[in-house]
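Examination of the molecular architecture
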Amino acid sequence: MRASLIQIGVYDGKGGESIDARRQRVAALVREQAGADLVVLPELWTTGAFAYESFGTEAEPLQGPTYESMAKAASDAGVWLHAGSVPERDPDGLLYNTSLVFSPSGELAASYRKIHRFGFDKGEAVLMSAGADVVTVRLPSTTLGLATCYDLRFPELFRRLVEAGAETLVIPAGWPERRRSHWTLLAQARAVENQSYVLACGTAGTHAGVPQAGHSIVVDPWGEVLAEAGPDEEVLTVEFDPGKVGVTREQFPALKDRVL
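Residues numbered from 1 in each chain as written. Predicted model: local features only at pLDDT ≥ 70, side-chain atom pairs only at ≥ 80, totals over all residues. Heavy atoms only, no water.

We now examine the environment of Ala 200. Structurally, the position occupied by Ala 200 is in strand E9 (residues 197-201). For the pair Ala 200 and Pro 172, spaced 28 residues apart in sequence, the C-alpha to C-alpha distance is 5.7 Å. Beyond its immediate sequence surroundings of up to four residues, Ala 200 is in contact with Leu 5, Ile 171, Trp 183, Ser 216 and Ile 217. (Helix = DSSP H or I, 4+ residues; strand = E, 2+ residues; numbered from the N terminus. Contact = heavy atoms within 4.5 Å.)

See below:
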């Protein structure tokens with residue numbers, strides 16, 4: 001299976017670009033990945049995960065302009081596309097941090113509203129509503145388990161995903177550079193404890209004054225890093241064997257020994 005993680009830069013200030021221009025740029029990057037089985041984008045790449053003041057003004061309905069742009073890009077490239085996440089405004093006016101997954105025909109295969117919101121008493125934690133559903137997506141050769149950024153710190157969610165059949169955990173993020181060591185450590189931990197692949201895609205650049213970690217990473221079910229990006233914009237492409245999940249779980253059946 002071939003996966004491409006598109007670590008785009010989300011910049012503010014002098015180097016910024018409009019959201020419409022970024023959508024067009026990202027759609028072009030997705031189309032360039034034709035031949036991949038799965039393409040993954042970062043969290044809140046239209047606005048920036050720390051650009052809290054933009055969440056309300058730039059929020060979209062689920063089937064808004066980002067949905068339309070990414071559905072067409074997936075169809076044009078003929079790939080499964082995890083389109084990262086967007087600030088969604090639902091019909092009741094509530095905001096969610098919502099991930100979208102499209103099939104190679106451009107159909108919406110799944111959406112996931114982020115369960116764990118970051119910020120403690122500010123930012124996303126007070127502006128966004130919490131999702132409640134554990135979401136998996138069946139691809140021809142693996143089942144994806146969906147999580148987003150801050151979710152990575154909560155292992156209970158990943159256990160639920162594994163119980164629902166997940167074999168490949170996909171985590172778009174806007175992770176800050178100052179906690180990059182946690183990003184790598186937790187990605188490997190989630191892979192090892194769940195005997196699953198982890199595909200974690202972050203952003204580059206600096207937005208809302210927060211330097212981003214970059215360093216998107218792919219980890220196998222034994223915790224080995226198969227590929228890791230640097231700090232700047234990059235498309236990280238890796239080939240991996242989805243069958244290794246079943247082999248690992250059979251050879252070292254730790255998941256069968258769960259008590260709690």
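Our focus in this paragraph is the packing of aromatic side chains. A full pass over the atoms with the stated rule returns ten aromatic pairs. Between Phe 50 and Phe 118, the ring centres sit 6.3 Å apart and the planes meet at 75°, which makes this aromatic pair edge-to-face. Here the residue Phe 50 occupies a position in the loop between strand E2 (38-40) and helix H2 (53-58), and Phe 118 occupies one in the loop between strand E5 (108-113) and helix H4 (124-127), the gap between them amounting to 68 residues. Overall, the relative accessible area of 10% leaves Phe 50 in the buried class. Since its relative accessible area comes to 18%, Phe 118 is described here as buried. Taking 5.2 Å as the distance between ring centres and 75° as the angle between the ring planes, the aromatic pair formed by Tyr 67 and Phe 102 counts as edge-to-face. With a gap of 35 residues between them, Tyr 67 in helix H3 (residues 65-77) and Phe 102 in strand E4 (residues 95-102) connect regions that are remote in the sequence. For Tyr 67, a relative accessible area of 13% gives the class buried. (Phe/Tyr/Trp six-rings, centres within 6.5 Å; stacked < 30°, edge-to-face > 60°. Buried < 20%, exposed > 50% of the residue type's maximum accessible area, 1.4 Å probe, protein only.)

A word on the sheet that holds strand E8 (residues 168-172). A sheet is described by the order of its strands in space; here six strands give the open sequence E6-E7-E8-E9-E12-E13, paired in mixed fashion. Taken across any chain shown, the strands that pair with only one partner, and hence form the sheet edges, are strand E6 (136-138) and strand E13 (225-228). The mean inter-strand angle of the sheet, taken between neighbouring strand axes irrespective of direction, is 15°. Here helix H5 (residues 155-163) sits on the sheet and contacts E6, strand E7 (143-146) and E8; the angle it forms with E8, its principal contact strand, is near 140°. (Pairing = 2+ DSSP bridges. Axes fitted to C-alpha atoms, helices over the stretch in contact; angles between N-to-C directions.)

A word on the side chain of Gln 195. Take Gln 195: it is sitting in the loop between helix H6 (180-194) and E9. A polar atom in the side chain of Gln 195 sits 2.6 Å from the backbone oxygen of Phe 252. Among all residues touching Gln 195, those that are not within four sequence positions of it are Pro 221, Val 245, Thr 248, Arg 249, Phe 252, Ala 254 and Leu 255. (Polar contact = N/O pair within 3.5 Å; in protein donor to acceptor, adjacent residues only side chain to side chain.)

So, on to the nonpolar core. Ranked by size, the top nonpolar core spans 45 residues in total, and within it Leu 38 and Leu 199 carry the most contacts. Tallying contributions element by element places E9 first for this core, with five residues. With sequence-adjacent residues up to four places away left out, Leu 38 is seen in contact with Met 1, Arg 2, Ala 3, Ser 4, Trp 80, His 82, Leu 139, Leu 144 and Leu 199. By size, the runner-up hydrophobic cluster in this structure holds 22 residues, among which are Ile 6, Ala 36, Trp 45 and Ala 71. (Core = buried A, V, L, I, M, F, W, Y, C linked by side-chain atoms within 4.5 Å.)

A few words now on the sheet that holds strand E1 (residues 2-7). With mixed pairing, the six strands of this open sheet are ordered in space as E5-E4-E3-E2-E1-E14. Only two strands of the sheet have a single neighbouring strand rather than two, namely E5 and strand E14 (234-239). This sheet shows a mean twist of 25° between the axes of neighbouring strands, independent of strand direction. Inspection of the sheet shows E1 paired to E2 by three bridges, in the parallel sense. Within E2, the residue paired with Ala 3 across the bridge is Leu 38.

Our next topic: the pattern of salt bridges. By the definition in use, this model includes 15 salt bridges. Residues Arg 23 and Asp 20 are paired through a salt bridge, measuring 2.6 Å at the closest nitrogen-oxygen approach. In this pair, Arg 23 and Asp 20 both sit in helix H1 (residues 19-31), three residues apart, roughly one turn of the helix. Since its relative accessible area comes to 8%, Arg 23 is described here as buried. The salt bridge partner of Glu 233 is Arg 25, with a shortest N-O separation of 3.1 Å. Of the two residues, Glu 233 sits in the loop between E13 and E14 while Arg 25 sits in helix H1, which places them 208 residues apart along the sequence. (Salt bridge = Lys/Arg side-chain N within 4 Å of Asp/Glu carboxyl O.)

What follows deals with H5. Looking at H5, one finds that the buried residues are Leu 157, Phe 158, Leu 161 and Val 162. Seen from one end, H5 has its buried residues packed into an arc of 140°, which puts them on one side. Residues Glu 156, Arg 160 and Glu 163 are exposed on H5 and point more than 90 degrees away from its buried face. Where H5 is buried, its residues meet E5, E6, E7, E8, H6 and helix H7 (243-251). Of the residues flanking the end of H5, it is Gly 165, one or two places downstream, whose phi is positive at about 105°. (Arc of directions from axis to C-beta.)

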